[in-house]
Amino acid sequence: EEKFSKAFRASPVAITISTKREGRYLEVNDAYLRMLGYKSEEVTGRTVDELQVWADPVQREMLIQQLDHFGFVNLFEAQFKAKSDEKRTVQISAEIIQLNGQDCLLGTILDVTDTKRLEQQFRQAQKMDAVGRMAGGIAHDFNNLLAVIMGYGDLAQSKLTPDLPVWQHIGQIMRASERAAALTGQLLAF
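This section reports on the structure supplied with the text. (Residues numbered from 1 in each chain as written. Predicted model: local features only at pLDDT ≥ 70, side-chain atom pairs only at ≥ 80, totals over all residues. Heavy atoms only, no water.)

## Overview of the environment of Leu146
Our working rule: Where helices and strands are cited, they refer to DSSP runs of H or I of at least four residues and of E of at least two residues respectively, numbered from the N terminus. Note on classification: 1.4 Å probe, protein chains only; a residue is buried when its accessible area is under 20% of the maximum for its type, exposed when over 50%, partly exposed between these limits. The contact criterion used is simple: two residues touch if any of their non-hydrogen atoms lie within 4.5 Å.
Tracing the chain through its elements places Leu146 in helix H6 (residues 113–158). Given a relative accessible area of 5%, Leu146 falls into the buried group. Counting along the chain gives 39 residues from Leu146 to Gly185, while the straight-line C-alpha distance between them is 12 Å. Sequence-distant contacts of Leu146, that is, excluding residues within four places in its chain, are made with Ser177, Ala180, Ala181 and Thr184.

Encoded structure:
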């Protein structure tokens, strides 16, 4: 018991022991208290409903159902609500234990809020990178087409004299191509 108590208290992972039926906290370690911003006396003896720990109480019911069916749960993802009302994404591993003839839950809880946030930021960065690569590819291909248009425009103007109306039309094509090339430069900068 002494070894278990020391391991329970010193664990950097949040650990709780609560009654299965009503979710009354019998023991919680410091990691759990830090995660949710409570003091021991605010939690011990109170239920999850009183503290409104589960952001969605249905998730607790689902956890209990899985425990009843499999006997244990591993990395069940849920949302907890801290004392400050901040939501924390957690992964719960739990099993049913007997204490004084009563079904209780021994749960270890990993706070994965920051990990999930970083994963989301990484996915967003990947999307932005993909958009940037696509824009760069389109700009490169468009630049190639503009080079052909401008090359043939120069060639056509060199074969004509400025007094012909078509020479001025080609000049308009050349100016539009130069503006498009500038736009392509902006797209590449983006």
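Next, the rest of the story.
## Focus: the sheet that holds strand E2 (residues 25–28)
Sheets are built from strands paired through backbone hydrogen bonds, the pairs being either parallel or antiparallel. Rule in force here: Strand pairing is assigned whenever DSSP detects at least two bridges linking the two strands. Lines fitted to the C-alpha atoms define the axes, with helices restricted to the stretch that makes contact. Angles between their N-to-C directions range from 0 to 180 degrees.
Read from one edge to the other, the open sheet built from five strands follows the order E2-E1-E5-E4-E3, with strand pairing classed as antiparallel. Of all the strands in the sheet, just E2 and strand E3 (72–81) have a single pairing partner and so form its edges. Averaged over all pairs of adjacent strands, the angle between their axes in this sheet comes to 30°, without regard to strand direction. Sheet analysis places strand E4 (residues 87–99) next to strand E5 (residues 102–111), joined by 10 bridges and oriented antiparallel. Considered in E5, the bridge of Gln91 is made with Leu110. Each of strand E1 (14–19), E3, E4 and E5 touches helix H5 (residues 57–70); the most contacted strand, E3, lies at about 170° to it.

## Notes on the pairing of E3
Bridge count for E3 against E4 is eight bridges, and the pairing is antiparallel. What sits directly across from Phe80, in E4, is Arg88.

## A look at the pattern of salt bridges
As a reminder, the rule being used: Counted as salt bridges are all cases of a side-chain nitrogen of Lys or Arg within 4 Å of a carboxyl oxygen of Asp or Glu.
According to the stated counting rule, one finds 11 salt bridges in the structure shown. In this structure, the salt-bridge partner of Glu77 is Lys116, at a minimum N-O distance of 3.2 Å. Remark: Lys116 occurs in helix H6 and Glu77 occurs in strand E3; sequence separation between them is 39 residues. The class for Lys116 is partly exposed, based on a relative accessible area of 30%. When the shortest N-O distance is used, the salt bridge between Asp111 and Arg88 registers 2.8 Å.

## Quick word on H6
Heads up, the condition is: Under the convention used throughout, the expected extent of a helix is 1.5 Å for every residue step, that is, one less than its residue count.
A rise of 1.5 Å per residue sets the reference length of H6, with its 46 residues, at 68 Å; its end C-alpha atoms lie 66 Å apart and thus fit the reference within 8%. The set of residues buried in H6 consists of Thr113, Ala135, Ala139, Leu146, Gly153 and Gln157. Where H6 is buried, its residues touch E4, E5 and helix H7 (165–189).

## So, the packing of H6 against H7
For the record, the criterion: By definition in this entry, angles of less than 35 degrees are roughly parallel, angles greater than 145 are roughly antiparallel, angles of 65 to 115 are roughly perpendicular, and the rest are oblique. Should the near helix be turned counterclockwise from the far one by less than a right angle, the crossing is left-handed, whereas a clockwise turn marks it as right-handed. Side-chain classes are defined by residue name, with Ala, Val, Leu, Ile, Met, Phe, Trp, Tyr, Cys and Pro counting as nonpolar, Asp, Glu, Lys and Arg as charged, and the others, Gly among them, as polar.
Their axes nearest at 9 Å, the elements H6 and H7 cross at an angle of 160°. As the angle between them shows, H6 and H7 are arranged roughly antiparallel. Handedness of the crossing formed by H6 with H7: left-handed. Contacts between H6 and H7 involve Ala135, Gly136, Ala139, Phe142, Asn143, Leu146, Ile149, Met150, Gly153, Asp154, Ala156 and Gln157 on the former and, on the latter, Trp167, Ile170, Gly171, Ile173, Met174, Ser177, Glu178, Ala180, Ala181, Thr184, Leu187 and Leu188. Residue composition of the contact of H6 with H7, by class: 15 nonpolar, seven polar and two charged.

## Describing the layout of surface pockets
Put simply, the rule reads: Think of a 1 Å grid over the protein atoms and nothing else: a 1.4 Å probe that fits but is trapped marks a cavity, an open set flanked by protein within 12 Å on at least five of seven lines marks a pocket, and residues with an atom within 4 Å of a point count as lining. Grid points are joined across faces, edges and corners, and a volume is the space filled by probe spheres set on the points.
Size it by volume and the largest pocket reaches roughly 210 Å³. Lining the largest pocket are Glu1, Phe4, Ser5, Phe8, Arg9, Ile17, Leu26, Glu27 and Leu99. Counting residues per element, the lining of the largest pocket draws most heavily on helix H1 (residues 2–10), at four residues. The class makeup of the residues in the lining of the largest pocket is five nonpolar, one polar and three charged. Looking at the second largest pocket, its volume works out to about 160 Å³. Taken together, Arg21, Glu22, Val48, Asp49, Gln52, Trp54, Pro57, Arg60, Glu61 and Lys81 form the lining of the second largest pocket. Elements represented by at least two residues in the lining of the second largest pocket include exactly helix H4 (48–51) and H5. Ranked by residue count, the leading element in the lining of the second largest pocket is H5, at three residues. A breakdown of the residues in the lining of the second largest pocket according to their chemical character gives three nonpolar, one polar and six charged.

These figures come from the coordinates and say nothing about function on their own.
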